[in-house]
Amino acid sequence: MSESATGQAFRYQNAHWLWISAIVIVADQITKQLVVRSFELYDRLVIAPFFNLVRLHNTGAAFSMFAGAAPLFFVGLTVVVSIGILIWLRRNPHTDRLVAASLALILGGALGNAIDRVARGHVIDFLDLHAAGYHWPAFNIADCAITVGAALLLLDMWRKRGPS
């Protein structure tokens, strides 16, 4: 519909939060490229007694779930989720900054991993935390952004609802 038919002009509500997404994407892609150039598959560099840098290829989703699915499945899922996040971000009240930042982090992380899937057919994971012989599944900057964004959304929901 035209502006005159709806009575409203299109507004880029909260679009300024997308700089967070862009920073996540750039940081994610730079670090992954550094790992690809510096490590062969399965190489490991011990940084601390609980932390290694490694090079792993993840063909699945979080924690390698659905590892047998085609990369295009995940790319399609990312497109759908990204559209949903952009709609949510646009409809989010301008004053609700925590939700906006959370959505921007999740969007940046999702797109960072989607770029890998399109370019490589898998996601590069390289951060390896471990303790007492147990290794957390390797992850990357995009995964960190998604996790922090989701945690901030949960915090926002808890904050608005209050403790039970």
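- An unreviewed UniProt entry annotates the protein as Lipoprotein signal peptidase of Spectribacter acetivorans.
- The UniProt entry for the protein carries the following comment under Subcellular location (unreviewed entry): "Cell membrane".

## Some remarks on the packing of aromatic side chains
For step 1, the next point in the chain: Counted under the stated rule, the structure contains one aromatic pair.
For step 2, the next point in the chain: For the cation-ring pair, R117 lies above F74, with the distance from its terminal atom to the ring centre recorded as 4.3 Å.

## Description of the pattern of salt bridges
For step 1, the next point in the chain: According to the stated counting rule, one finds seven salt bridges in the structure shown.
For step 2, the next point in the chain: The closest approach of N and O atoms between R159 and D156, which form a salt bridge, is 2.7 Å. Of this pair, R159 and D156 are both found in helix 5 (residues 141-161), three residues apart, which corresponds to roughly one turn of the helix.
For step 3, the next point in the chain: D156 is the salt-bridge partner of K160, the closest N and O atoms lying 3.0 Å from each other. Remark: D156 and K160 occur in helix 5; sequence separation between them is four residues, near one turn of the helix.
For step 4, the next point in the chain: You can call K160 exposed: its relative accessible area is 51%.
For step 5, the next point in the chain: Residues participating in the shared-partner salt-bridge network are D28, K32, D116 and R120.

## Notes on the nonpolar core
For step 1, the next point in the chain: Judged by nonpolar contacts, the single largest core of 15 residues is most densely connected at W17, I20, I85, L89, L103, L105 and L153.
For step 2, the next point in the chain: If you list the elements that add at least two residues to this core, you get helix 2 (18-38), helix 3 (71-91), helix 4 (97-120) and helix 5.
For step 3, the next point in the chain: Broken down by element, this core gets its largest block of residues, eight residues, from helix 4.
For step 4, the next point in the chain: The residues contacting L89, other than those within four sequence positions of it, are Q13, N14, W17, L18, A100 and L103.
For step 5, the next point in the chain: In this structure, V35, F39, F126 and L127 belong to the second largest nonpolar core, which totals eight residues.

## A closer look at the UniProt feature "active site" (unreviewed entry) in the protein
For step 1, the next point in the chain: Mapped onto this numbering, the UniProt entry gives "active site" (unreviewed entry) at D125 and D143. These annotated residues cover 19 residues of sequence, and their C-alpha atoms all fall within 8.9 Å of one another, placing them together at a single site. Among the residues just listed, D125 and D143 line the largest pocket.
For step 2, the next point in the chain: Tracing the backbone shows D125 in strand 3 (residues 123-131).
For step 3, the next point in the chain: In contact with D125, not counting residues within four places along its chain, are V54, R55, L56, N58, A138, F139, N140 and D143.
For step 4, the next point in the chain: Topologically, D143 is positioned in helix 5.
For step 5, the next point in the chain: Other than its neighbours up to four places away in sequence, D143 contacts N113 and D125.

Reading the values: rules and limits
- Residues numbered from 1 in each chain as written.
- Predicted model: local features only at pLDDT ≥ 70, side-chain atom pairs only at ≥ 80, totals over all residues.
- Heavy atoms only, no water.
- UniProt positions renumbered as here; feature names shortened; annotations may be inferred.
- Phe/Tyr/Trp six-rings, centres within 6.5 Å; stacked < 30°, edge-to-face > 60°.
- Lys NZ or Arg CZ within 6 Å of the ring centre and 35° of its normal.
- Salt bridge = Lys/Arg side-chain N within 4 Å of Asp/Glu carboxyl O.
- Helix = DSSP H or I, 4+ residues; strand = E, 2+ residues; numbered from the N terminus.
- Buried < 20%, exposed > 50% of the residue type's maximum accessible area, 1.4 Å probe, protein only.
- Core = buried A, V, L, I, M, F, W, Y, C linked by side-chain atoms within 4.5 Å.
- Contact = heavy atoms within 4.5 Å.
- 1 Å grid on protein atoms, 1.4 Å probe; cavity = no way out; pocket = protein on both sides within 12 Å on 5 of 7 lines; lining within 4 Å.

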